[in-house]
Amino acid sequence: MNRVFAAVLSAAVLAAPAAAAQIRQTKGDFDDKFRQLESEIRDPNVYRTASGAPGPNYWQQEVDYKIDATLDEAAKRITATEDIDYQNNSPDTLTYLWVQLDQNRHRPESTSRMSGTAGSDDGEDSVSMFALRRDFASRDIEYGHTITAVTDARGRDLPYVINDTMMRIDLPQPLAPGRSVRFSIGWTFNIPENNVMGGRHGYERFDADDEAGTPETFQYFLAQWFPRLAAYTDYTGWQHKQFLGGGEFTLEFGDYEVALTVPADHIVASTGALQNANQVLTAEQRARLDQARDADSPVYIVTPDEALENEKEGTGATKTWRFKADNVRDFAWASSRKYIWDAMGYAQDDRETPFVWAMSFYPREADYLWSKYSTQAVVHTMEVYSQFSFPYPYPTAQSVNTWAGGGMEYPMITFNGYRPTKDEETGEWSYSHQAKHGLIGVVIHEIGHIYFPMTVNSDERRWTWMDEGINSFLQVLAQDLWQDGGYPRTRGKPVGIVGYMKSENQVPIMTQSDSILQFGNNAYAKPATALNILRETVMGRDLFDHAFREYANRWKFKRPTPEDLFRTLEDASAVDLDWFWRGWFFTTDHVDFDLADVREYQVSTGDPDVEFPLARARDAEAPINLSNQRNADIEKHDERYDGLIDTYSENDEFTVTNVDRNTYLAARDGLDGWRREVLDRAIEEGQYFYFVDVANLGGLVMPLPFEVTFADGSSARIQIPAEIWRRNAKSVTKMFAFDQPATSFVLDPQLEIADVNMVNNAFPRRISRSRIDVFESARPEFRDLIADMRVELRTEEGADEDAPLEPN
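Below: a short report on this structure. These numbers were taken from a predicted model, which means no experiment stands behind them.

Some details on the overall build of the chain
- Per the secondary structure count, the chain includes 21 helices and 35 strands.
- With respect to the principal axes defined by its C-alpha atoms, the chain has extents near 125 × 90 × 60 Å.
- Counting across all 808 residues of the chain, residues that qualify as buried make up 49%.
- Long-range pairs, those at least 24 residues apart, make up 75% of the contacts in the chain with a sequence separation of at least 6.
- Here the chain displays about 39,400 Å² of accessible surface, and carbon together with sulfur accounts for 48% of that area.

Quick look at the side chain of Thr261
- Counting through the fold element by element, Thr261 comes out in strand S16 (residues 254-263).
- Polar contacts involving the side chain of Thr261 include one to the side chain of Thr320, which spans 2.8 Å.
- If we skip the residues at most four places from it in the chain, Thr261 touches Ala69, Thr70, Leu71, Thr318, Lys319 and Thr320.

Topic: the pairing of strand S4 (residues 94-100)
- Among the seven residues that make up S4, five are buried, leaving the element largely enclosed by the rest of the structure.
- By the bridge criterion, two bridges tie S4 to strand S13 (residues 228-229) in an arrangement that is antiparallel. Across the sheet, Gln100 pairs through a bridge with Arg228, a residue of S13.

So, the packing of aromatic side chains
- Counted under the stated rule, the structure contains 62 aromatic pairs.
- When the centroid spacing of 5.4 Å and the interplanar angle of 80° are considered together, the rings of Tyr65 and Phe226 count as edge-to-face. Here Phe226 lies in the loop between strand S12 (217-222) and S13 and Tyr65 lies in strand S2 (residues 62-72), a separation of 161 residues in the sequence. Assigned by exposure class, Tyr65 and Phe226 land together as buried.
- A centroid spacing of 5.7 Å and a plane angle of 50° characterise the contact between Tyr368 and Tyr431, whose relative ring orientation is tilted. One end of the pair, Tyr368, is in helix H7 (residues 367-388); the other, Tyr431, is in the loop between strand S28 (429-430) and helix H8 (433-448), and 63 residues separate them in sequence.
- Judged by its relative accessible area of 27%, Tyr368 is partly exposed.
- Three or more aromatic residues link up through ring pairs in this structure, and these residues are Phe253, Tyr385, Phe390, Tyr392, Tyr394, Tyr451, Phe452, Phe473, Phe544, Phe548, Tyr551 and Phe557.
- The side chain of Arg228 reaches across the aromatic face of Phe249, ending 4.8 Å from its centre.
- The positively charged end of Lys338 is found above the aromatic ring belonging to Phe206, 4.3 Å away from the centroid.

Looking at the pattern of salt bridges
- Applying the stated criterion across every chain yields a total of 49 salt bridges.
- The partner of Arg364 in a salt bridge is Asp209, with the nearest N and O atoms 3.3 Å apart. Of the two residues, Arg364 is situated in the loop between strand S23 (355-362) and H7 and Asp209 in the loop between strand S11 (202-206) and S12; the sequence distance between them amounts to 155 residues.
- Arg717 serves as the salt-bridge partner of Glu707, at 3.2 Å between the closest nitrogen and oxygen. Taken together, the positions of Glu707 in strand S31 (residues 704-710) and Arg717 in strand S32 (residues 715-720) put the pair 10 residues apart, joining distant regions of the chain.

Some details on the sheet that holds S12
- In space, the four strands of this open sheet follow the order S11-S12-S21-S17, with antiparallel pairing throughout. Two strands lie at the open edges of the sheet, namely S11 and strand S17 (267-270), each paired on one side alone. Taken over all neighbouring pairs, the strand axes of this sheet differ in orientation by 15° on average, direction set aside.
- Sheet topology places S12 next to strand S21 (residues 333-336); four bridges connect them, and they run antiparallel. Paired with Gln219 across the strands is Ser336, a residue of S21.

Some words on a nonpolar patch on the surface
- Nonpolar side chains collect at one region of the surface, where Val127, Met129, Leu132 and Phe136 lie side by side and expose about 420 Å² of accessible area between them.
- By relative accessible area, Val127 is classed as exposed at 59%.

What to know about the side chain of Ser573
- Tracing the sequence through the fold places Ser573 in the loop between helix H13 (562-571) and helix H14 (578-585).
- Here the side chain of Ser573 touches Leu569 through a polar contact of 2.6 Å, landing on its backbone oxygen.
- The residues touching Ser573, leaving out its near neighbours within four places in the chain, are Met539, Leu543 and Ala547.

With respect to the sheet that holds strand S24 (residues 396-401)
- An order of S19-S22-S23-S24-S26-S25 is seen for the six strands of this open sheet, with the pairing classed as mixed. Only two strands of the sheet have a single partner each, and these edge strands are strand S19 (299-302) and strand S25 (407-410). Adjacent strand axes in the sheet meet at a mean angle of 20° when their direction is disregarded.
- Relative to S24, S23 runs parallel, the two sharing five bridges. From the neighbouring strand, Ala358 faces S24, where its bridge partner is Ala397.
- Docked against the sheet, helix H5 (residues 283-293) engages S19, strand S22 (340-347) and S23, running at close to 155° with respect to S19.

Quick notes on the environment of Asp755
- Secondary-structure assignment places Asp755 in the loop between strand S34 (742-747) and strand S35 (762-763).
- As for Asp755 and Arg489, which are separated by 266 residues in sequence, their C-alpha atoms are 19 Å apart.
- In this structure, Asp755 is in contact with Val498, Val591, Asp592, Phe593, Asp748 and Asn761, ignoring residues within four places of it in sequence.
- At 3.2 Å, the side chain of Asp755 forms a polar contact with the side chain of Asn761.

Comments concerning helix H11 (residues 519-538)
- Along H11, the sharpest change in direction is near 30° and occurs at Ala525; proline Pro527 comes one to four residues later.
- With respect to burial, H11 is a largely interior element, 16 of its 20 residues being buried.
- Of the residues trailing H11, Gly540 is marked for its positive phi of about 90°.

Observations concerning a negative patch on the surface
- Together, Glu635, Asp638, Glu639, Asp646 and Glu650 make up a negatively charged patch on the protein surface.
- Looking at where Glu639 falls in the secondary structure, it is placed in helix H17 (residues 637-640).
- For Glu639, a relative accessible area of 53% puts it in the exposed group.

Some details on the packing of helix H10 (residues 494-501) against H11
- Packing of H10 against H11 brings their axes to within 10 Å, and their N-to-C directions diverge by 135°. The pairing of H10 with H11 is recorded here as oblique in orientation. Viewed along their axes, H10 and H11 form a crossing whose handedness is left-handed. Along its contact with H10, which presents Pro494, Ile497, Tyr500 and Met501, the element H11 presents Asn521, Asn522, Ala525, Lys526, Thr529, Asn532 and Ile533.
- In terms of residue class, the contact of H10 with H11 is built from six nonpolar, four polar and one charged.

Section: the environment of Glu707
- By relative accessible area, which is 17% here, Glu707 ends up buried.
- Separated by 41 residues in the primary sequence, Glu707 and Asp748 place their C-alpha atoms 7.6 Å from one another.
- Residues in contact with Glu707, not counting those within four places in the same chain, are Ser715, Ala716, Arg717, Ser744, Phe745, Val746 and Pro749.
- In this structure the side chain of Glu707 is engaged in a polar contact, spanning 3.2 Å, whose partner is the side chain of Arg717.

Parameters and conventions
- Residues numbered from 1 in each chain as written.
- Predicted model: local features only at pLDDT ≥ 70, side-chain atom pairs only at ≥ 80, totals over all residues.
- Heavy atoms only, no water.
- Helix = DSSP H or I, 4+ residues; strand = E, 2+ residues; numbered from the N terminus.
- Buried < 20%, exposed > 50% of the residue type's maximum accessible area, 1.4 Å probe, protein only.
- Contact = heavy atoms within 4.5 Å.
- Areas by Shrake-Rupley, 256 points an atom, 1.4 Å probe, with all protein chains shown as cover.
- Polar contact = N/O pair within 3.5 Å; in protein donor to acceptor, adjacent residues only side chain to side chain.
- Pairing = 2+ DSSP bridges.
- Phe/Tyr/Trp six-rings, centres within 6.5 Å; stacked < 30°, edge-to-face > 60°.
- Lys NZ or Arg CZ within 6 Å of the ring centre and 35° of its normal.
- Salt bridge = Lys/Arg side-chain N within 4 Å of Asp/Glu carboxyl O.
- Axes fitted to C-alpha atoms, helices over the stretch in contact; angles between N-to-C directions.
- Patch = residues over 30% accessible without salt bridge, like charges linked within 9 Å, V, L, I, M, F, W, Y side chains within 5 Å.
- Bend = angle between axes of the 7 residues up to and from the residue.
- Lys, Arg positive; Asp, Glu negative; His and termini not counted.
- Charge placed at Lys NZ, Arg CZ, Asp CG, Glu CD.
- Parallel < 35°, antiparallel > 145°, perpendicular 65-115°, else oblique.
- Left-handed = near helix turned anticlockwise from the far one by under 90°.
- Nonpolar A, V, L, I, M, F, W, Y, C, P; charged D, E, K, R; others polar.

Structure follows, in C-alpha cells:
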C-alpha cells in the first residue's frame, strides 16, 4: 500500500476571537468562506437552543376539531360544520385568531389568480386551452369557501373578516396564555374538477365505458377542504402569508373526530382510523382485513369485480364513515364507488405503534400497475425511513390513485399518480418503465412526507426545502434500496444537479417558498443533493446518520426551523458545517474545480556527482527548437577553423568541478544533527513529491476527492477536507508524497461533489469520448417493455420469417 502524507502550502492568517456578526473584512479581497453562520441566522433563545434542540420554554399551539361533512355527488359540493378547541400555549395574549380558507385561491379575484403572469411561446404572446378552460369554469361555478356561520360555544355569532385566503375571527375576550377557546364554523364549497382548476384536490371524471357497462363515474379527493387554524409561532407570530399555490401549509397539531357522509356505494380512504367498520363494510370485507393483517403481500379488501359492480349500479342512499386521528396537523380524504382497496399489515418494533395498516385505493384503470407496487412501496418506505428517523407514528399509511401523475401528502394518506396503459385493440394492459418507477418513486416520496413534514412539522409556507428537500433526500435512500443496480433516477444525487447548479436563473435555497425560481430543482433536488453530499463525502455515513436521527427525534411532533437543523447536525457530529450551509443554502455558487497543474519532484541529494548527471539527462529530454533541429547537420564555424574549441566547447553547464564538490561538503557539514538525519532519510526513501494546483472557478468550497494512478497501474483515493480553502477560497496548492511515480491525478472521480465541469478535473487532461447519432428518428423516451415484447418481429416481404433481418 502506498504511504500518503499531505501538507498544506499556504500562509497562516491569525485573527483575535470576536463575535461573528462583528467581523468585517476591510482590506484586500479575502473571502472568509468559513466564518461562523450566526450573521445569517437567528440567535438561539429559550425556545430554541444553540445546540439545535427545543429550548426549556419551547411551545406550540394545539387545535382539536370535530367535523361533520356531507358530499353531495350530484352537485359536486361539500356542506360541513366543525367545532374547534384552540389551546393557547404561547406566552402571548391573543385577541383574534387567523383561519386558512385555502379554497378561496380558486376565486378569480384571489391574490393567486390576480398575480398570475401571461404566458408566451418563443417570445410570442399566447394563451393555452387549459387557461381558457379554467377561466370559463371560474365564471360558471362559484369556487371558494362560503362561510355560513361562525359562533362561540353558546351559539352566539362571532365577528370575522375574510382577507383572500385568510379569515380573522375576533374574540369576545382576550385569550390569555394557558387558556383555550371553543367555537364553531359552518361552510360549503363547490368541489373543483382537478384537471380543469389544478391544485392538490378536487374530483376526477371517468367517461362511460360501454365495454365494461359503466356510466360516467367520479372520484373525489378532498384536501384543504375545511377552515384550518393558521399556525402561531415563536419566530414569526401568525403565519398567515396568503396561499398562492406554491408555498404549502403551516399547521398545528391536534385531535380529529370526523364524520363523512357519502353515497352508500362509495369506499372512503381517510386520515385516521376507521371507527365504524361494522356499519360501512360488509362481513366479507372485514374478514379480508383480518386476513390481510398477517399477510406477506397485499390482500384485496374490495376486489376489482366488486368495484366494477359498484360502478355499474349507483345509489341514492348514503353512509356515514367515522374516523378518528390523534396528534395530526391536517386531515384529508378520498371517496369513490370506483375504488379497489388492498391492504397488508406492517409490524414494527415500537411500543406506541407496533402495527400499521399499509393500504392502497385505486380505480380499475390503475389496477394492473397499482396492485403490484403501491402497497409494497408504502411498506418499503416505512422500513427505510424508520431506520433514518423514528418508527412510523400512526396506525395507517395509505396511497390513493387520484390522477395520472404527481403526488400530494397528508397525515396517514397520500394522493399519487401514474397508471398503466390499455391497448384499445387487444384490450391488454401494460405499463412503461417510467410508469413503474414513477409510481414507486411518488409513493415513497409522499408516504415519506408523513415523516417530514407531517410529523417533523416544518413551516412549508416559508421554507419549502425543509420538507421537500429533506424528504427527497430520504426518498433517494429508499429508492436505492428498492432494487439491485440502483434506481433509475438521478434527482437528489450530485450527478443529477450539475445542470441546475451552473444555470443563471436561480435563487438561494433559503428563498421564501412563493418566490422560488426553478421550483423543483431549488426546493427538491438541490437540498436533497446537499444532504447526500454531507452524508457520503463531508461527514460520512455514521456521523451523518446519527446526527440526522437526532434532529428527527428532537423535532418529532414539533416545529423546527432551518437553524435547528443546521445546529443539530453540527452538535451531534462535531463537524463544523457553517461553510457548507452558507455555500449551498444561502448562495447560488456552484462547484467547478480546475485541476490546473501538477509538478513532480524528488528530494535532491545536493551531491553534484549525483545531481548534475540527472540534470543533464532531464535537459536532453527537453524539446529541441525547430531551428536547431534543421541546423543540426550543417557544419558550424568553430568546426571549420582551428583554435576555436576550448574548455567551454568540450564541457557543459552540468560538468562537475571540485568547487561544486567542496560547496556540497561544506553545506552538509553545516547541517545540525537532526537536519542531516531528515535529509538522509528523505534521500534514502526516494519519495516522489507532487505539487497540485486547484483553482475554484465556481465559488463553492468543498472537499477535494482525488484518485491518483501510479506507474505500476495501482491507484489510491485521497480526500482533502474542505478546510483547505479556509485561507484562500480561490486557489490552493496541495503537496502529496508517494513511494512511486504517479501517472495521473483525477479530481472527483466518483462524481460525489457535483462538479459542473469534469473536463478540467484530470491531469494530464483526458479526451472526452462518446458517440454521435446520425439517425433521423429516435426511440421513445420511456419504453413500455411489456407492450414492446408482445410485438411480433417484422420481416421483409418474401423473406424467411425465422431468419434475422439483415442490416442495411
